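Residues per chain, in single letters:
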Amino acid sequence: MTPSANIKEIASLVEDANRILSITGAGISADSGLPTYRGVGGLYSQGLTEEGLPIETALSHRMFLERPAISWKYIAQIEQTCRGKKPNTGHYFFAELEKSGKRVCILTQNVDGFHHQAGSTNVIDIHGHIYDIVCSHCRFRCRVESYSELDIPPSCPRCRKILRPDVVLFDEMLPVAKLARLEKELEKGFDLVFSIGTTSFFPYIAQPVIAAAKNGIPTVEINPDRTAISPIVRIKIDGKAAETLRKVEDQWKEKH
Ligand code: NAD
Ligand code: ZN
């Protein structure tokens, strides 16, 4: 099948770009078999949790303090969906671009670690990493391979208080150091910005795309759904991340 004009245009933009920002959300990992939270194929699209709570409440800072067992139940459910899953063509595509000499920055909301695993080195995982486990009381910290060996909720081997994953819960502040890194990257500027598989619900996820579009920098969105940024991007692909990026990669390699 011949690639569409849009795919060809994205491949040209990639070829010409030196600095690329790729903003990713749950949709890029959906193609590895991980459910999203909301949107197409979402884990929590059907409404409330078993306790009758919106998922944002179950996974909130306040709930973690008051009833950590509820938060942990859903954190563990999310971890369960990551088990045995691997990065896909979408994650590898950006690692490949970096290897080719382009400066690629990934801003991801995903906590699955797939961009690192695929080989990208400049990843700002703004919501953290589900396999980093920390104690807020004594600063104990470790990286686990899965939760299969953990009691849920797990307690700290040093001080016996309840541990938590090093992820940003709803109502929590973003990590200051990661925000500062993002700020630095944005100051240096980009000549191509992707937004892939995210509802762009959070302002820090939508804003870099809006700013780029305002400044005439090419922007590309890949999402089967329409989102808040769909009307402002230069190219909108109503498709799945992995399949679309595989086509872009094939086309780019032909030119390269
Ligand atoms: P979301 O679940 O709210 O939205 C996902 C988006 O991806 C939707 O717009 C949907 O239409 C789109 N999508 C679904 N399948 C797709 C595909 N194959 N290709 C491209 N797009 C596809 O997720 P969000 O807005 O990214 O983030 C909400 C929160 O959920 C974040 O805080 C994130 O940390 C968390 N989350 C992370 C993971 C993960 O680590 N893999 C998974 C689920 C949710
Ligand atoms: Zn401790």
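Note: the structure precedes this text.
A. Fine view of the packing of aromatic side chains. Scanning the model with the defined rule gives seven aromatic pairs in all. With a centroid separation of 5.4 Å and 10° between ring planes, the pair formed by Phe202 and Tyr204 is classed as stacked. Overall, Tyr204 belongs to the partly exposed group, its relative accessible area being 21%. Site record: aromatic cluster; members linked through ring pairs are Phe93, Phe94, Phe194 and Trp252. Taking NZ or CZ as reference, Arg19 lies 4.6 Å from the ring centre of Phe190, over its face. Sitting over the face of the ring of Phe64, Arg164 holds its NZ or CZ atom 5.6 Å from the ring centroid.

B. Structural context of the sheet that holds strand 3 (residues 123–125). With respect to topology, six strands assemble into an open sheet ordered 3-2-1-7-8-9, the strand pairing being parallel. This sheet does not close on itself; its edge strands, each paired only once, are strand 3 and strand 9 (235–237). Averaged over all adjacent pairs, the angle separating strand axes in this sheet is 15°, with direction ignored. Bridge analysis of strand 7 (residues 192–196) against strand 8 (residues 219–222) gives four bridges, and the strand direction is parallel. From the neighbouring strand, Ser195 faces strand 8, where its bridge partner is Glu221.

C. Representation of the pairing of strand 1 (residues 19–24) in the model. The element strand 1 is extensively covered by neighbouring structure, given that six of its six residues are classed as buried. Neither face of strand 1 is left uncovered, since the one carrying Arg19, Leu21 and Ile23 and the one carrying Ile20, Ser22 and Thr24 both have all their residues buried. Judged from the six bridges that link them, strand 1 and strand 2 (residues 103–108) form a sheet pairing that is parallel. Residue pairing for strand 2: Leu21 is matched across the bridge by Cys105. Two strands pair when backbone bridges link them, and strand 1 and strand 7 are joined in this way by five bridges, in the parallel orientation.

Analysis parameters
Residues numbered from 1 in each chain as written. Chains lettered and ligands numbered in written order. Predicted model: local features only at pLDDT ≥ 70, side-chain atom pairs only at ≥ 80, totals over all residues. Heavy atoms only, no water. Phe/Tyr/Trp six-rings, centres within 6.5 Å; stacked < 30°, edge-to-face > 60°. Buried < 20%, exposed > 50% of the residue type's maximum accessible area, 1.4 Å probe, protein only. Lys NZ or Arg CZ within 6 Å of the ring centre and 35° of its normal. Pairing = 2+ DSSP bridges. Helix = DSSP H or I, 4+ residues; strand = E, 2+ residues; numbered from the N terminus. Axes fitted to C-alpha atoms, helices over the stretch in contact; angles between N-to-C directions.

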